[in-house]
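If you want the building blocks of each chain, they are given just below.
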Amino acid sequence: MDSLSENNQLVIVELRNSYLTESEINQKEISISTAEISTWNLHSVLSSEIVRIQLERNRLIRESSYFRGLLTGNFSESSQDCVSVEWNAETFIDVLKHIYGCSLDITVNNFILLLEAAIFFGVDALLLECKTWLTKETTTKWLPSMQMDLEFVINSWNFGFDHAIDFIPELCAGYLARNFMWIISSSSFVNIPYKLLYHCVEHPHLTVDSEKCLAEAILVWIDSNKVLWQCSDSNTKYDCPEILQKVRLTLLPLDFPAGKRRNLYFSKLAEKSIHAILSMIKDPSTRQASKDAELHNIRIRLTKYTERIVLSGCPQITLASLLLSVLPSLWNMDPLIRKQYEESITDLDNLQRNPSRISNFPILPFEAVQEVDISKCPGLRVEAVIQCFSKSFPSLRRLNASHCFQFGVSTLFDLVEKCPLVEEVDLTADISPALPTLEATTSSATEMYHDSYVASYFKKGGLLLSKLTLEGRNNIIDLGLQSISTFALTLSSLNLKGCTSVTDLGISRLISQCENLKSLNVADTYFGRRSISVLISDILRLKDFSDAYDEHKHSSSLAFRLQELNIEGCMSVDATSLMQLISATYLLKSMNLRKTSLNDDALNNFMGSSLKSLDVSDTMVCGVSLAEIVRRNPDLKVLKARGCRNLCDQEGGDQLHIELKRNCSLEEVVFGWGFPFNSMETLGAAIKSLKAITVGLGASLGEYGLKLLLKLCPLLESIVLYFQVISDDVVINLLESVRCLQVMKLCYCLGDLSPVIFQCSVPNLKVLNLERVTPWMTNEDLVNLTKNCKNLVELSLSGCALLDSDSQHIISCGWPGLISINLEECGGITSNGVSSFYNCVALEDLLLRHNGCGIQSNFICEASSKLPMLRKVALDLCDANEGYFHTPSYSGRSFLSIIKIARCKPQRCSFDLQHPNSCRKSVHKESIVVEFSANGLRTTTVKERV
């Protein structure tokens, strides 16, 4: 150390580690030299209270502006051989290592510490390395599991903002903008500073699945930080509406602003959004919008990072909206070229009739997009949309086009040809109420148009299609299925639920080509013996299967490979065929046999042990057989056994309860016969994770059982009770104790309920069904209900005889976001016609029966024109003020899918023989069902009430 004074080339830095506690100090002082930096014992260094470090003076001066000023300036330390520093020892050692060229491992745990040290000591090279590290971490594409912790991003932004380090706020805002869908799922999202959130929302790389996701996230943040807004000065620049105004109101699904009309922060914007959406529906032309710079408000947010696009429920979205979103900025083009494109886009009808013209547009490819949801978008013509998608989304894997009427089999071929990478397609439609199980009196079809079922149309593509959902597509016939079999080889999931126009033969021919089939849903179809014969036949040698299955009798059958099977309501399946099918299945994880000829003999033939979901409702199984299935399937999460009268056997019922308690952790149950008041106590631990329960006819839980249920199941989200004995105490306890409750249905329950049940606040409740349980309900009670259940989206009331025409206004103003309204025998709600319900602009399902003879004859046509999302309407001729209803033509149906009109007939009371005309009441006679599909219109009359 004597040489220090002689050559003045070395200096001692005395590091005082004041951050150590007494228990962490191993020695008072330690001396080390940078000449031996690679061999330092870090444990000894970091556990010393004072660390004396010998360094090269010139190197320290060259690399650190702090030491340059300290050792070369006018400070007293400049002439000394020793300077003192008080800093976190580990961080300061890392700084020295960096100065001396050692590799540095920057992580989320030490980034801010190193950055702070780099700034304080003026080590520009370290500052640059920190910037490089953060740049890489915030711009590299990571898997969700490898994303940076949100708290780290927030802390980094705060540090950068407080210390005026410009690159940090910019990088953090960009990172959050690109990963917005990930951050909104984090519990730390509400901790994001307002300025950071604002910059994130403004960022050009903001990537969201939908505009709704953005609006919801902002509202969640505001609601969690509302104390900040209530306490802030009125002149503060942190104005809540300012960030909400960044939401593109014309791109929201209609049900979102409709449901936010009563929101404290969004009500004004909600009205503005609804007005804009309805205006766009009336006039889909973009001429006026094209005058706005960048056509900002009607362009869908797309970035090179976008992977998923959700436009579901947006009736205002047209082909023009899509094109404007995938084109370069029109305002950067030559004025003449821009004018040509604007004229082409605004001529929407011509463009949709000639989708090939889309190829003339300079469409930008968004390579990252893999999923698009255009469900419930009546403004889109799918042929033109497919042409657009083929150019703009070349990596498209999944398409949801449910409730798109124009989508036929020929359109499906067009899709898989032009988008050859598509793997999943969902074409769900509303299932016909005139199911095969109902007795039809007459049936007629008008305005029918035939799809082009030509297999030769198929040229290429479809070789990757693995999941196809055709649920409710009753316009598809056997010839359509035959065409689909062209690419059946790759199908692993097929959903034909409610496809009532296909036969057992057509289904059997299709599934015989599906060698990789693992999921089959043929509920409510003519699926029968032919199809079962195909499933159980030894028609293939399965590949990639373990030798453990070689000895299984049906190991080479399609049925053996199935993991999901739904044959609910397939009345063409006899007991023998069903037994053969069940005995061939072994790997099933989900099995739905509801409303089939299932009995104990058939169920006992199921040898599988992988079931997670089982539905045997409305069958003849008994408790002993069901208990055996439960015993062999310990992973069972969902069990539905409502309407099984044979479960009443006490011995079998006890066995079932014991096996459930011993083996299962249930999440959803549906019970009926065979579940007495002590069932909940017996099940115990098996239902502690329960989220949904339905208790039907035959079960008798009683007040004790229901109270115990609420105590044992704190996670309940849905509770449905039929024919149960309930009371005010039970309902109030339910509403107050189950804070996650989203669905409550009380149907035909016994007991004395009073208006006091409507005094409980249930903010999370979405679906409410009160069927024949509140006959005393008045408008005042209805007002209380709207105040305490503010977020309902589905309302069903029946038997509320004291309600009147004013109730319409209460319902529509209290719940403007309703998408489903079912009112039956509710006093005189419709005695003066229907008008207030038009305020519920997002209505999709409307049932009004026996609520007063005042509904005008043109109501269906008027409602479909004023309610753009309306798909299902159910009325009764008893309520028609002129005795009839006009039904729209196929071309004038708007978005309507199903119309049900019930017809009643008078019936004389059998007990009043002296005055036969004085005691007459209306009873159901028949139902007229009008259905609109891609192929036209079908009218069916059925005896049952649907």
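What you see as residue numbers is a count from 1 along each chain, following the sequence as written. Given that this is a predicted model, residues contribute local features only at a pLDDT of at least 70 and side-chain atom pairs are listed and counted only at 80 or more, while totals for whole chains, interfaces and linings are drawn from all residues. Excluding hydrogens and water, the side-chain values take into account all heavy atoms of the structure.

A. Focus on the overall build of the protein. Across its full length, the protein carries 35 helices and 28 strands. The classification of residues rests on relative accessible area computed with a 1.4 Å probe and restricted to protein chains. Under 20% of the type maximum is buried, over 50% is exposed, and intermediate values are partly exposed. Out of the 946 residues belonging to the protein, those deemed buried represent 53%. Residue contacts are defined here by distance: any two heavy atoms, one from each residue, within 4.5 Å place the two residues in contact. Considering only intrachain contacts with a sequence separation of at least 6, the fraction spanning at least 24 residues in the protein is 71%. Areas reported here follow the Shrake-Rupley algorithm with a probe of radius 1.4 Å; residue values treat only the protein chains shown as occluding. As displayed, the protein has an accessible area near 41100 Å², and 48% of this comes from carbon and sulfur atoms. Helix and strand assignments follow DSSP, with helices taken as H or I runs no shorter than four residues and strands as E runs no shorter than two, numbered in order from the N terminus.

B. Structural detail: empty space enclosed by the protein. Grid spacing is 1 Å over the protein atoms alone, the probe is 1.4 Å, and a cavity is where that probe fits but cannot get out, while a pocket is an open set with protein on both sides within 12 Å along at least five of seven lines and lining residues have an atom within 4 Å of a point. Grid points are joined across faces, edges and corners, and a volume is the space filled by probe spheres set on the points. Here the structure, examined in full by the defined rule, presents six cavities of 30 Å³ or more. As for the largest cavity, its lining consists of 17 residues, of which A429, G472, S897, F932 and S933 are closest to the centre. Of the residues forming the lining of the largest cavity, the biggest block, three residues, is contributed by strand β27 (residues 920–933). All residues other than Ala, Val, Leu, Ile, Met, Phe, Trp, Tyr, Cys, Pro, Asp, Glu, Lys and Arg, Gly among them, are scored as polar; the first ten of these are nonpolar and the last four charged. Classifying every residue of the lining of the largest cavity gives six nonpolar, seven polar and four charged. Roughly 80 Å³ of volume is contained in the second largest cavity. Surrounding the second largest cavity, V208, D209, S210, E211, L251, I300, R301, R308, I309, V310 and L311 form its lining. With three residues, strand β5 (residues 308–310) is the largest single contributor of residues to the lining of the second largest cavity. Looking at the lining of the second largest cavity residue by residue, the class counts come to six nonpolar, one polar and four charged.

C. Just unusual backbone geometry, in detail. Even without being a glycine, A164 presents a positive backbone phi close to 55 degrees. Structurally, A164 can be placed in the loop between α8 (150–162) and α9 (167–178). With a phi close to 60 degrees, R772 is a non-glycine residue in the positive phi region. Note that R772 resides in the loop between β21 (767–771) and α33 (779–788). Residue class for R772 comes out partly exposed when judged on its relative accessible area of 32%.

D. Examining the sheet that holds strand β2 (residues 27–33) more closely. Criterion used throughout: strands pair if DSSP finds at least two bridges between them. Strand order in the open sheet formed by four strands is β2-β3-β1-β4, and the pairing between neighbours is mixed. Each end of this open sheet is capped by a strand with a single partner; those strands are β2 and β4 (82–86). With direction set aside, neighbouring strand axes in the sheet form an average angle of 20 degrees. As paired strands, strand β1 (residues 10–16) and strand β3 (residues 48–56) are joined by seven bridges and run antiparallel to one another. Fitted lines through C-alpha atoms give the axes, limited to the stretch in contact for helices. The angle between two N-to-C directions lies from 0 to 180 degrees.

E. Representation of the state of the cysteines in the model. When two cysteine sulfur atoms lie within 2.5 Å, the pair is treated as a disulfide. Summed over all chains, the structure comprises zero disulfides. With no disulfide of its own, C749 lies 6.8 Å from the sulfur of C747, the closest cysteine sulfur. Taking the relative accessible area as the measure of exposure, C749 reaches 8% and is therefore buried.

F. Inspection of the side chain of T303 at higher detail. Structurally, T303 is set in the loop between α16 (267–282) and β5. For T303, a relative accessible area of 7% gives the class buried. At a separation of 2.8 Å, a polar atom in the side chain of T303 contacts the side chain of T207. Not counting the four nearest positions on each side in its chain, T303 is found in contact with P204, H205, L206, T207 and F366. The definition of a polar contact used here is a pair of N or O atoms within 3.5 Å, where within protein one atom must be able to donate a hydrogen and the other to accept one, and adjacent residues in sequence count solely through side-chain atom pairs.

G. Structural detail: the pairing of strand β19 (residues 718–722). Among the five residues of β19, five are classified as buried, and the element is accordingly described as predominantly covered. In β19, alternate side chains face the same way, and those of S718, V720 and Y722 on one face and I719 and L721 on the other are all buried. As defined by bridge partners, strand β18 (residues 692–695) adjoins β19 across four bridges and the pair is classed as parallel. Among the inter-strand pairings, T694 is bridged to a residue of β19, identified as V720. Both β19 and strand β20 (residues 743–747) contribute to a ladder of five bridges, which runs parallel. Across the sheet, Y722 pairs through a bridge with C747, a residue of β20. When the strands point away from the viewer and the connection leading from the first strand across the helix to the second strand turns clockwise, the crossover is called right-handed. Viewed along the sheet, the connection from β19 through helix α32 (residues 728–737) into β20 turns out right-handed.

H. Quick peek at the packing of α33 against helix α34 (residues 806–814). One way to put it is that α33 packs onto α34 with a least axis distance of 10 Å and a crossing angle of 5 degrees. The orientation of α33 with respect to α34, classified from their angle, is roughly parallel. Seen from α33, the contacting residues are N779, L782, V783 and T786; seen from α34, they are D806, S807, I810, I811 and G814. Taken together, the residues of the contact of α33 with α34 sort by class into four nonpolar, four polar and one charged. Angle categories: roughly parallel below 35 degrees, roughly antiparallel above 145, roughly perpendicular from 65 to 115, and oblique for all the rest.

I. Structural detail: the packing of aromatic side chains. Only rings of Phe, Tyr and Trp enter the pairing, Trp through its six-membered ring, and a pair is recorded when the two centres are within 6.5 Å. The plane angle decides the type: under 30 degrees is stacked, over 60 is edge-to-face, the rest tilted. Within the structure shown, the criterion is met by 26 aromatic pairs. Each ring, one from Y194 and one from Y198, has its centre 6.0 Å from the other, and the planes form 35 degrees; the classification is tilted. Note that Y194 and Y198 are positioned in helix α11 (residues 194–202) at a spacing of four residues, about one turn of the helix. You can call Y194 buried: its relative accessible area is 8%.

J. Fine view of helix α29 (residues 650–663). Given the number of residues in a helix, its expected span is that number minus one, multiplied by 1.5 Å. Over its 14 residues, α29 extends 20 Å from the first C-alpha to the last, a length consistent with the 20 Å expected when each residue adds 1.5 Å. Turning to α29, its buried residues are G652, G653, L656, H657, E659 and L660. Seen along its axis, α29 keeps its buried residues to an arc of 165 degrees; they face one direction. Exposed positions of α29 whose direction lies more than 90 degrees from the buried face are Q650, E651 and R662. At its buried positions, α29 is contacted by α28 (623–632), β16 (638–640) and α30 (679–683). In this description, the arc belongs to the directions extending from the helix axis to the C-beta atoms.

K. The arrangement of the environment of I300 in detail. Among the secondary structure elements, I300 is positioned in the loop between α16 and β5. Of the residues examined, I300 reaches a relative accessible area of 12% and is grouped as buried. In the structure, I300 is positioned 25 residues away from S325 in sequence and 5.4 Å away in space, judged by C-alpha atoms. Leaving out residues up to four positions away in the same chain, I300 has contacts with R248, L251, I309, L311, S321, L322 and S325.

L. Quick look at the side chain of K900. Turning to its location among the elements, K900 is positioned in strand β26 (residues 898–908). When charges are counted, Lys and Arg contribute as positive and Asp and Glu as negative, whereas His and the chain ends are disregarded. Note on definitions: salt bridges are taken to be side-chain nitrogens of Lys or Arg within 4 Å of carboxyl oxygens of Asp or Glu. Lacking a salt bridge, the buried K900 has D845 as its closest oppositely charged neighbour, with an N-O distance of 6.5 Å. Sequence-distant contacts of K900, that is, excluding residues within four places in its chain, are made with P433, R849, V873, A874, L875, I928, V929 and V946.

M. Main features of the environment of V13. Looking at the element boundaries, V13 is found in strand β1. Each C-alpha atom of the pair V13 and S84 lies 5.8 Å from the other, and the pair is 71 residues apart in sequence. The residues touching V13, leaving out its near neighbours within four places in the chain, are V51, R52, I53, L55, L60, F67, V83, V85 and F92.

N. Representation of helix α35 (residues 859–866) in the model. Of all the residues in α35, the buried ones are F859, I860, A863 and S864. Axial view of α35: buried residues confined to an arc of 125 degrees, hence all on one face.

O. Representation of the environment of E564 within the structure. Tracing the chain through its elements places E564 in strand β13 (residues 564–566). A C-alpha to C-alpha distance of 5.9 Å links E564 and K589, two positions 25 residues apart in sequence. Excluding anything up to four places from it in sequence, E564 contacts K518, S519, L520, L588 and S590. At a separation of 3.0 Å, a polar atom in the side chain of E564 contacts the side chain of S519.

P. Structural view of the pattern of salt bridges. By the definition in use, this model includes 29 salt bridges. In this structure, E63 engages R62 in a salt bridge whose closest nitrogen and oxygen atoms are separated by 3.8 Å. The class of E63 is partly exposed, set by a relative accessible area of 25%. In this structure R62 comes out as exposed when scored by relative accessible area, which is 51%. A salt bridge links R594 to D618; the nearest nitrogen and oxygen atoms lie 3.5 Å apart. Of this pair, R594 sits in the loop between β14 (590–592) and α27 (600–603) while D618 sits in the loop between β15 (613–615) and α28, and the two are 24 residues apart along the sequence. Its relative accessible area of 33% is what places D618 among the partly exposed residues. Because the salt bridges share partners, they merge into one network encompassing E14, R16, E29 and R52.

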